[in-house]
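So you can see what is in the structure, the chains are spelled out below.
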Amino acid sequence: MLRLDKYISNATDLSRSEVKRYIKFGDVTIDDQPATNPAQKVSGTESICIDGSAIHLPQSRYFMLNKPVGVVSATKDNNNTTALDLIYEHRSAELQIAGRLDIDTTGLLLVTDDGQWNHRLTSPRSDCQKIYRVTLGIPITADYQQKLANGVWLEGEKHPCLPATMDIIDDRTVLLSIAEGKYHQVKRMFAALGNHVEALHRTQVGGIVLDPLLEPGDYRALTEEEVASIL
Ligand code: URA
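Residues numbered from 1 in each chain as written. Predicted model: local features only at pLDDT ≥ 70, side-chain atom pairs only at ≥ 80, totals over all residues. Heavy atoms only, no water.

### Let's talk about the pairing of strand β11 (residues 165-170)
Consideration 1: Of the pairings in the sheet, the one linking β11 to strand β12 (residues 173-178) comprises five bridges and is antiparallel in character. Each residue of the ladder has a partner; that of Thr 165, found in β12, is Ser 177.
Consideration 2: Hairpin connection of β11 to β12: two residues between the antiparallel strands. (Pairing = 2+ DSSP bridges. Helix = DSSP H or I, 4+ residues; strand = E, 2+ residues; numbered from the N terminus.)

The structure is reproduced here in structure tokens:
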């Protein structure tokens, strides 16, 4: 339950004092009855109108961006273009990045103003699989798959990584699927195997696959199914 003046202010661009003025002049109705008390609690199931027009709290928003190289996964940066600079939406200050990519990593970046959804995706306890196409500096060797399945030990970490799976495209290109999101995780995993990552591209997060129609720098809203796939 929210106070009526806060509800209206959240649902519109009006300040709380402007809302109070509308209420005072009898311009706000709840289920067709004039509202008189700005502190009255509302649930949002009521029909709330200002000057006869119904208002609603904004819905949460969810986007996928095909992040290009050179763009930082941050909301503000003095030197580089940020992912949010590429998202042309109202109230963009409310948007947050759900699971960062390095400046030189490309591909699927999720952006939302739904904090709980973001948390479900990115919390250390989330077991959401992320798939990366990895281009390596030198050819892979036969022991990689087993070592990744056992859990690679990253330098400076107290515990090994969770088991990862690797599909081979060619001897220097693989699809790696991991459940965690440690700092520079994929680059550090291949460093631990004596290789180095030359290019990294995220193709999938949980059930959400990067839309092949999105050019680098383009974005689109997620479908309801994509949003709901993050449980
Ligand atoms: N792992 C990395 O090393 N970098 C990324 O951007 C994402 C995962």
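More follows now that the structure is in view.
### Overview of unusual backbone geometry
Consideration 1: In this structure, Asp 32 takes a positive phi of about 70° despite not being glycine.
Consideration 2: Tracing the backbone shows Asp 32 in the loop between β2 (28-30) and β3 (33-34).
Consideration 3: Relative accessible area serves as the criterion here: at 65%, Asp 32 is assigned to the exposed category. (Buried < 20%, exposed > 50% of the residue type's maximum accessible area, 1.4 Å probe, protein only.)

### Concerning the packing of aromatic side chains
Consideration 1: All chains considered together, the criterion is met by three aromatic pairs.
Consideration 2: Relative to Trp 117, the ring of Tyr 62 lies with its centre 4.9 Å away and its plane at 70°, an arrangement referred to as edge-to-face. With Tyr 62 in strand β7 (residues 62-67) and Trp 117 in helix α3 (residues 115-122), the pair connects residues that are 55 residues apart, well separated along the chain. Taken as a pair, Tyr 62 and Trp 117 share a single burial class, namely buried.
Consideration 3: Seen in terms of ring centroids, Tyr 144 and Phe 190 are 6.2 Å apart; in terms of plane orientation they differ by 50°. Their pairing is tilted. Of this pair, Tyr 144 sits in helix α4 (residues 144-150) while Phe 190 sits in helix α5 (residues 185-192), and the two are 46 residues apart along the sequence. (Phe/Tyr/Trp six-rings, centres within 6.5 Å; stacked < 30°, edge-to-face > 60°.)

### With respect to the packing of helix α1 (residues 4-11) against helix α2 (residues 16-24)
Consideration 1: Taken N-terminus to C-terminus, the directions of α1 and α2 make an angle of 115°; their axes are 9 Å apart at the nearest point. Like other packed secondary-structure pairs, α1 and α2 cross with a definite hand, here right-handed. In this structure, α1 uses Leu 4, Asp 5, Lys 6, Ile 8 and Ser 9 to contact α2, whose residues at the interface are Arg 16, Val 19, Lys 20 and Ile 23.
Consideration 2: Across the contact of α1 with α2, the residue classes break down as four nonpolar, one polar and four charged. (Axes fitted to C-alpha atoms, helices over the stretch in contact; angles between N-to-C directions. Left-handed = near helix turned anticlockwise from the far one by under 90°. Contact = heavy atoms within 4.5 Å. Nonpolar A, V, L, I, M, F, W, Y, C, P; charged D, E, K, R; others polar.)

None of the figures reported here should be taken as evidence of function without further support.
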